[in-house]
Amino acid sequence: MADKQDSAENRQPTLREQSGAVVSDVRAAVLHSAQHLEALGELLRLELREYGRRQVRRVVTGALGVALLLCAYITGCFCVVVELQPLVGLRLAFLAVIIFNAVVGGVLLLAAALRKPASLAPTTCEEIKKDIECVKIYLKGNEKS
């Protein structure tokens, strides 16, 4: 009976040590996970800020380009109508310009609709995919052991 109590007492400290080690491992894992999430959040914030800057520049540049092209386009259409008017008459000249504009506008709208949108925060998405793969590998490794 004394042998059973001695063996039980010998097991107790090792069980306490093991549980303490498990708790410290869990704390370390949680701390590292929190630090990693903080780093991912910072990366996402930086990517979104840069994406916003690029989009503002893109919109401003596009708006200026559209304004200049619109002026040139109106002038060009006016010149075409003036040149065609003595040959085919005023109505047919306007009709030719309208049909041309409708065809070109339709092609441009179709091209815009088929264009693939740019991805938002690609680096952060890649990091998250890598993290998911690492967690899957880690979980598979724990299942085997």
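Read on for an overview of the structure.

Relative to the assigned elements, Glu47 resides in helix H1 (residues 2-88). Buried and without a salt bridge, Glu47 has Arg54 as its closest oppositely charged side chain, separated by 6.9 Å. Those residues in contact with Glu47 that sit more than four places away from it in its chain are Ala121, Pro122, Thr123 and Thr124.

Our focus in this paragraph is the layout of surface pockets. Considered as a void within the structure, the largest pocket measures approximately 170 Å³ in volume. Lining the largest pocket are His36, Asp131, Ile132, Cys134, Val135 and Tyr138. Of all the elements, helix H3 (residues 122-144) adds the most residues to the lining of the largest pocket, at 5 residues.

Glancing now at the environment of Ala96. Examined against the element boundaries, Ala96 turns out to sit in helix H2 (residues 90-114). C-alpha of Ala96 to C-alpha of Val80: the two residues are 16 residues apart in sequence and 9.2 Å apart in space.

As a further point, take the side chain of Asp131. Inspection of the secondary structure assignment puts Asp131 in helix H3. Of the side chains with opposite charge, Lys130 comes closest to the buried, unpaired Asp131, at an N-O distance of 8.4 Å.

Okay, the pattern of salt bridges next. In total, this model carries 6 salt bridges according to the counting rule given. The partner of Arg54 in a salt bridge is Glu50, and the shortest N-O contact between them spans 3.8 Å. Here Arg54 pairs with Glu50, and both are found in helix H1, just 4 residues apart, close to one helical turn. Classification of Glu50 by relative accessible area gives partly exposed; the value is 31%. Residue Glu133 is joined to Lys136 by a salt bridge in which the shortest nitrogen-to-oxygen separation is 4.0 Å.

Another point: a nonpolar patch on the surface. Nonpolar side chains collect at one region of the surface, where Leu87, Val88, Leu92, Leu95, Ile99, Val103 and Val107 lie side by side and expose about 670 Å² of accessible area between them. Every element with two or more residues in the nonpolar patch is listed here: H1 and H2. In terms of residue count, the dominant contributor to the nonpolar patch is H2 (5 residues). Residue position: Ile99 is located in helix H2.

Applying the stated criterion across every chain yields a total of 0 disulfides. Cys79 takes part in no disulfide bond, and the closest cysteine sulfur to it belongs to Cys77, at a distance of 9.4 Å. Owing to a relative accessible area of 42%, Cys79 belongs among the partly exposed residues under this scheme.

Basis of the calculations
Residues numbered from 1 in each chain as written. Predicted model: local features only at pLDDT ≥ 70, side-chain atom pairs only at ≥ 80, totals over all residues. Heavy atoms only, no water. Helix = DSSP H or I, 4+ residues; strand = E, 2+ residues; numbered from the N terminus. Buried < 20%, exposed > 50% of the residue type's maximum accessible area, 1.4 Å probe, protein only. Lys, Arg positive; Asp, Glu negative; His and termini not counted. Salt bridge = Lys/Arg side-chain N within 4 Å of Asp/Glu carboxyl O. Contact = heavy atoms within 4.5 Å. 1 Å grid on protein atoms, 1.4 Å probe; cavity = no way out; pocket = protein on both sides within 12 Å on 5 of 7 lines; lining within 4 Å. Points joined across faces, edges and corners; volume = space filled by probe spheres on them. Patch = residues over 30% accessible without salt bridge, like charges linked within 9 Å, V, L, I, M, F, W, Y side chains within 5 Å. Areas by Shrake-Rupley, 256 points an atom, 1.4 Å probe, with all protein chains shown as cover. Disulfide = S-S within 2.5 Å.

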